[in-house]
Structures are given as structure tokens and as C-alpha cells.
Amino acid sequence: MSTFVSSDGTTIGYERSGDGPPVILVDGALCWRESGPARPLAQRLAPDFTVFIYDRRGRGESGDTTPYSVEREVDDLAGLIKVAGGSAFLYGISSGAALVLEAASRGLPVSKVAAFETPIVTDERAPIPADYVPRLNEYLANGRRGKAVKHFMRTAIQLPAPMVALMGLMPAWPKLKRVAHTLPYDHALLGDTAAGHESPIPRWSTSVVPTLIMDGGRSPQWMRSSQRNIAGAIPGAHYRTIPGQTHMLKPDAIAPILREFFVS
């Protein structure tokens, strides 16, 4: 593992593999280098790119200077782009997709940006209750990390209650609880749109970076509708559905698409 220091003094852990044009992979909620899809995807892209994966602030080996702000997460990404040589391709999944779109709209030196299933509710699904974040913060303040993760899974992801109840038996449960405190950070990146508040999409629509917006063919209709709306708001953005995929995107399904998009 290597590190760099972000603009606010926070140490950010990252790793580099492969050789070629630089690509930075950005994880979604509850994921970091040791627990999530970034490393398997990096292995598939490394023959053609120099691939950077990193622990978003508050996760893994990265620090967590408070208070959190979207600006600080964007600065972290700017710091990694500098490490990568001054410009890079960006790929983000879920809340990581929101982060790469935010970075592009703020004028970071991004060559192209690809985003898979930014979890913004634009229509066709009931919004997340307005008390979602206050309850999440209450659980975290009281040290109830497991309760916070289950609240996220049940209320934000809307998994069935029996499935959420069994999550504590999963081998990955300790890893999920370890980064539960970062769940409000992910929500902030989405502009609280799920609760009907200000959307970041108007900001993203100012981007001039070539953009690919993607979803899975087996994902819920509300998610696919949201991706179409995001793509329609960003000038020149391309929209693509990956057949047979859900939000649990397989590395073998996305790797060739990213390879084609970034080198074309």
C-alpha cells in the first residue's frame, strides 16, 4: 500500500497496478480496497491500464478528518489524480459513481468518466424517508453500527426485512460494521435526493467530460430510469445497459466495456 496526503491533511491509502493510461476506480457504500469490487476489476484492467484503487476517507487505511464534506472527498480524488500523473480516466459504482460525476463537474483533470448505477431516485420509487439520515446518525452516535447498517439496507436499499435480519450471520458482517460511520458520507454525495431535497444533477450537467452512464439489465426499473435521466442531463453523455447485470455488477461484465470506452 502507498499513501498521499490530501489537501486537508488527511492520509489516503491507495495501491497501483498494471501499466498504461491511468484509471482510478471509485467504490460505493461500505466498500474499500480489501472489501469490494475494485480489486478484482483492477486485476482485469491492469494488462491495459495503470489502475489505482484507494480507500475513500474513513475506510480501510485512510484517515477521516472531520467534519465530512463532499468538497473534501473531491479533493481526495484530485490528490490521487495528481499521483497518477495529472489526469486520469475515472470509473465509479453506486455512490462512487456520484463522486466521479461530481469530480468531473467541478473541473478536475478527467479524461473520461464512467458511472454505473448512481443510486439517485428521480421517479418510479417512493423516496427515502426524510428521517433516514437523522436516525442513521443517532445509531452511529450511540455506537450501534450494526443497527446503522441494517437501517441503510432496509430503508435506503429497501431489501426485504427477513434478508436484513439475517445479515448479522454473514461472514462479511464485521467488515460492513467497520465502515458504518461512512454511510452518511455516501448520502451527502447524492444530494439527499432520495428524501426529495436538492439534486446534484444540475451541477453534473455542467460537465464537459466525455461521460458513459450505465445500468444493469436486471436492475429495478426506478434505477434504470434514474440513469437515463442522469445521462439525459449531461451534454453528450452516452447511456448503456449491461445485459443480465444488477447492482452487484460482475467484473468480467464491466471490464471490456471500460476498456472500449476509455481507449476509443
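Keep in mind that this is a model prediction, so the values were computed, not measured.

Undergrad: Lay out the packing of helix H2 (residues 70–83) against helix H3 (residues 95–105) in plain terms, naming residues and giving numbers.
TA: Running from N to C, H2 and H3 point in directions that differ by 80°, and their axes come no closer than 10 Å. When the axes of H2 and H3 are compared, the pair comes out roughly perpendicular. Between H2, through Val70, Glu73, Val74 and Leu77, and H3, the contact on the second element is made entirely by Leu99, Glu102 and Ala103. Classifying every residue of the contact of H2 with H3 gives five nonpolar, no polar and two charged.

Undergrad: I'd like a description of the nonpolar core, backed by residues and values.
TA: The biggest cluster of nonpolar side chains holds 39 residues, and the ones touching the most others in it are Ile24, Tyr54, Leu77, Leu90 and Trp204. Top element by residues in this core is H3. It accounts for seven residues. Judged by nonpolar contacts, the second largest core, of 25 residues, contains Ala38, Ile53, Tyr91 and Leu258.

Undergrad: Could you give an account of the environment of serine 62, naming the residues involved and the relevant values?
TA: Looking at the secondary structure, you find serine 62 in the loop between strand S4 (50–54) and H2. Judged by its relative accessible area of 9%, serine 62 falls in the buried class. Taking C-alpha positions, serine 62 is 34 Å from serine 225, a pair spaced 163 residues apart along the chain. Look past the residues within four positions of serine 62 in its chain and what remains in contact with it is Thr11, Ile12, Gly13, Asp55, Arg56 and Arg57. Reaching out from serine 62, the side chain makes a polar contact with the backbone oxygen of aspartate 55 at a distance of 2.5 Å.

Rules used in this analysis
- Residues numbered from 1 in each chain as written.
- Predicted model: local features only at pLDDT ≥ 70, side-chain atom pairs only at ≥ 80, totals over all residues.
- Heavy atoms only, no water.
- Axes fitted to C-alpha atoms, helices over the stretch in contact; angles between N-to-C directions.
- Helix = DSSP H or I, 4+ residues; strand = E, 2+ residues; numbered from the N terminus.
- Parallel < 35°, antiparallel > 145°, perpendicular 65-115°, else oblique.
- Contact = heavy atoms within 4.5 Å.
- Nonpolar A, V, L, I, M, F, W, Y, C, P; charged D, E, K, R; others polar.
- Core = buried A, V, L, I, M, F, W, Y, C linked by side-chain atoms within 4.5 Å.
- Buried < 20%, exposed > 50% of the residue type's maximum accessible area, 1.4 Å probe, protein only.
- Polar contact = N/O pair within 3.5 Å; in protein donor to acceptor, adjacent residues only side chain to side chain.

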